[in-house]
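Summary of the model geometry
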Amino acid sequence: MDAREAVLRAVGPPSGGTAPPSWGSEQRGGIAEFEANFRLSGGEIVGAEDLARLPGRAWSRDRDVGTLPDEWGEYTDASPWDADLGITGCDALVPETGSIVVSSAPGRGRLTSLAVPTHLVWADRGLVVASLEEALGVLGPRSAVIVTGPSRSADIEGVMIRGVHGPRRLLLVWR
Amino acid sequence: MPLTPPFEEFRRSAGEGLTQKIRLASSTKVSQRKTALSSAFGDPDSARIHAAAIKDFVLSNLGTMLEAFEAAAVRRGIEVVWARDAQEANEAIEDVCREARPKGARVVKGKSMATEEIGLNHHLEQAGHHVVETDLGEFVVQLDGDHPSHIVTPIIHKDRHDSAAAFRKAGIVLASDEPEAIAEGARAHLRSEFVAADVGISGANFGIAETGRIVVVENEGNNRLSTTAPHTHIALMGIEKLLPRERDLALFLPLLAGSATGQPLTVYTHIIGGPREAAEQDGPRRVVLVLLDNGRSRVLHSPERVILRCLRCGACLNVCPVYREVSGHAYRHVYPGPLGAVLAPSLEGVEDYGDLARASTLCGACQEACPVNIPIPDLLLGLRRQATRQGSWTLWRRLAENDRAWRAALRLVPLAQTLAPGWRESHARLDNHSTAAQGEPHGRP
């Protein structure tokens, strides 16, 4: 008997019935709530006028990001590992948690939002959904990440540290 | 498998200062949990009871759920391997590492209690692979040859100087002993490991039966780097970790994050849908999911069955007056605290771990804090009865023999009750809820 068969046999037959309904979040938020919770999570909303002050070498392969202003600094072709700034679009924005959903859609590389010290999200207000449950419906068919604030750890004495492995800063600019 | 010396020795070596820190950290976590859950759910008790009903449905239909999950995962290009026990899981994972690099793979790991449970690092190292823990706390544990003392915050028993000393011993240069400097040292050191790694290994917080996707949550980003940068990603998941539908995450993600660390959601929630597709820019070329039984199917048919609802949030550790006093190592098992006091004897037998069921004042704070409303005090009582028949008393007797520890534990009972106001009433109320929920499993309580 192989392991699969043995485990399924040990688990035994199902008792049937139907699953309880999903929770059905009553949370209904909008852009203002998203902005407030995004800031609470440690994110920063920046304006176009701030972009010139962003750090050096940027990395993006995301078509949604479109043409970038000249003052965004030079692009690096090396890799997201060497960039100062990773720029991605996003797939949904969640008001109740201030989260950003970034799928692994072509061009929207996973490391672009992860291996860099600063992640800049280029967002459209139309992507703000009503609830986390609605966001889960627009994850896309492959992989996705729900980002809620900059990378952090409290492993050492409970002291909050930002940017342990992922980005220290999470920025959002409205298109 | 004893992990450490008895807890009195641990307490002596840790010192009163550190015990105080664990108590303080625990009470901070308790208040943050309450704030987060009230803000997410309004009525967290309804959410906990609904989550329990969903997990119970999964447990009642685990066979069909597992088959559905496997079929959906395979359609996505995820390779699914089944493992009856720790040895089979270790061998399956070692096979994949060897396929990635026969002469010894470079492996980066995200935090996973399941891999601790099967002793994976030791197995892989014996087989000639280079394994690095990349979670900050777990990295310190690995450098020190230690064991985690909490399932969410593994080095709650160490201070900054202990951690810094572990780095220096390993030859990693730090600017100072400040937590920021230690984190910077880890970031710089582990970067090259991520870039060079052949294999990334993670646990899994949830598997979605409907879609075959794997969900991993974390705050640092190391888990995501481990599951993205290397050629091969291996995930180890207990068979009980399934949820029926992706939309169930809207309940379980805030419940888990709020209960574990008081966050609305963890910083990163990875929804892993399989290996990289041609048009995708990065991600692993190969994704292998190992489904681990290792005693779970036996627990499923035991009186302790509902412990399999557990999400591994650690909330029951933070509220437990005994855990706060003796810390995690005293439990001698990878799963400490109230959940461990049930899970360890359930998985491995009351002969070896039955005494853990006595390491509880039955104050009820653990059930009150549990995001899936596991009746831990009832389960502990049942295990005590079993253990009494087997005559296993070790830890509880130690606690009773150590006057200071005993008095301290008792002193903390009213504190736990203060931190969980109205626990007695809500305990009764939850029992009513549970009865109602059993009678009408498909309605919102």
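Anything mentioned here points back to the structure above.
Since the model is a prediction, treat every value here as computed from it, not as a measurement. Throughout this description, residue numbers start from 1 for each chain and increase along the sequence as written. Written order decides the labels, with chains lettered from A and ligands numbered from 1. For this predicted model, a pLDDT threshold of at least 70 governs which residues receive local features, and a threshold of 80 or more governs which side-chain atom pairs are given and counted, while totals over whole chains, interfaces and linings are taken from all residues. Side-chain metrics in this entry use all non-hydrogen atoms of the structure; hydrogen atoms and water are not considered.

**Observations concerning the side chain of Asn61 of chain B**
Filter applied, for reference: The secondary structure listing takes helices from DSSP runs of H or I that are at least 4 residues long and strands from runs of E that are at least 2 residues long, numbered from the N terminus. Whether two residues are in contact is decided by their heavy atoms, any of which lying within 4.5 Å being enough.
Here Asn61 of chain B is to be found in the loop between α2 (44-60) and α3 (62-75). In contact with Asn61 of chain B, not counting residues within four places along its chain, are Pro14, Ser15 and Gly16 of chain A.

**Here we look at the packing of aromatic side chains**
All names here are of chain A. Spelled out, the test is: Each Phe, Tyr or Trp ring, with Trp reduced to its six-membered ring, pairs with another whose centre is within 6.5 Å; inter-plane angles below 30 degrees give stacked pairs, above 60 give edge-to-face pairs, and intermediate values give tilted ones. Relative accessible area decides the class of each residue, using a 1.4 Å probe on protein chains only: under 20% of the type maximum gives buried, over 50% gives exposed, and in between gives partly exposed.
Applying the stated criterion across every chain, the model contains 6 aromatic pairs over all chains. Seen from their ring centres, Phe34 and Phe38 are 5.5 Å apart, and the 25° between their planes marks the pair as stacked. With Phe34 and Phe38 both in helix α2 (residues 31-40) and 4 residues apart, this pair spans about one turn of that helix. Residues Phe34 and Phe38 agree in their burial class; the two are buried. When the centroid spacing of 6.0 Å and the interplanar angle of 70° are considered together, the rings of Phe34 and Trp174 count as edge-to-face.

**Topic: the interface of chain B and chain A**
Applicable threshold: As used here, buried area is the combined drop in accessible area, with a 1.4 Å probe, of two parts when they are placed together. Think of a salt bridge as a Lys or Arg side-chain nitrogen and an Asp or Glu carboxyl oxygen that are within 4 Å of each other. We define a polar contact as two N or O atoms separated by no more than 3.5 Å, with the added condition that, inside protein, one atom must be a possible hydrogen donor and the other a possible acceptor, whereas residues neighbouring each other in sequence contribute only through side-chain atom pairs. In short, DSSP must find at least two bridges between two strands for them to pair.
Residue-level contacts link 93 residues of chain B with 71 residues of chain A. Across the chain B/chain A interface, buried area totals approximately 6800 Å², and carbon plus sulfur atoms make up 56% of it. Among the residues chain B hides against chain A, the three largest losses belong to Arg187, Arg224 and Gln281 of chain B. Together they make up 10% of the total. For the interface between chain B and chain A, the tally reads 7 salt bridges. One salt bridge in this structure joins Glu70 of chain B and Arg4 of chain A, with 2.7 Å as the shortest N-O distance. Summed over the shared surface of chain B and chain A, the number is 39 residue pairs in polar contact (both at pLDDT 80 or more). The greatest single-element share of the side of chain B that touches chain A, amounting to 11 residues, is contributed by helix α9 (residues 179-196) of chain B. As defined by bridge partners, strand β7 (residues 144-147) of chain A adjoins strand β9 (residues 268-272) of chain B across 4 bridges and the pair is classed as antiparallel. Within the sheet, the bridge partner assigned to Ala144 of chain A lies in β9 of chain B and is Ile271 of chain B.

**With respect to the sheet that holds strand β1 (residues 79-83) of chain B**
All names here are of chain B. Filter applied, for reference: Axis geometry follows a simple rule: fit a line to the C-alpha atoms, using only the stretch in contact for helices, then measure angles between N-to-C directions, giving values from 0 to 180 degrees.
Read from one edge of the open sheet, 6 strands run β1-β10-β7-β4-β2-β3, paired in parallel fashion. Of all the strands in the sheet, just β1 and β3 (130-133) have a single pairing partner and so form its edges. Neighbouring strand axes in the sheet, compared pairwise and without regard to direction, differ in orientation by 20° on average. The pairing of β1 with strand β10 (residues 286-292) spans 5 bridges and is parallel. Across the sheet, residue Trp82 finds its bridge partner in β10, namely Leu291.

**Here's the deal with α3 of chain B**
Residues and elements named next belong to chain B. Quick note on the threshold: Working rule for helices: expected span equals 1.5 Å times residues minus one.
When the terminal C-alpha atoms of α3 are compared, their 20 Å separation across 14 residues agrees well with the 20 Å that a helix rising 1.5 Å per residue should span. For α3, the complete set of buried residues consists of Leu62, Gly63, Met65, Leu66, Phe69, Glu70, Ala72 and Ala73. At the exit of α3 stands Gly77, carrying a positive phi of roughly 95°.

**Quick word on the nonpolar core**
We count it as follows: In plain words, nonpolar cores are sets of buried Ala, Val, Leu, Ile, Met, Phe, Trp, Tyr and Cys residues tied together by side-chain atoms within 4.5 Å.
Residues Leu66, Phe206, Ile214, Leu249, Leu251, Phe252 and Ile374 of chain B are the most contacted members of the largest nonpolar core, which totals 105 residues. When residues no more than four places from it in sequence are discounted, the contact partners of Phe252 of chain B are Ala51, Ile54, Lys55, Phe206, Leu243, Leu311 and Val372 of chain B. In this structure, Ile100, Val128 and Trp174 of chain A together with Phe194 of chain B belong to the second largest nonpolar core, which totals 41 residues.

The quantities given are spatial measurements derived from coordinates; they are silent on function.
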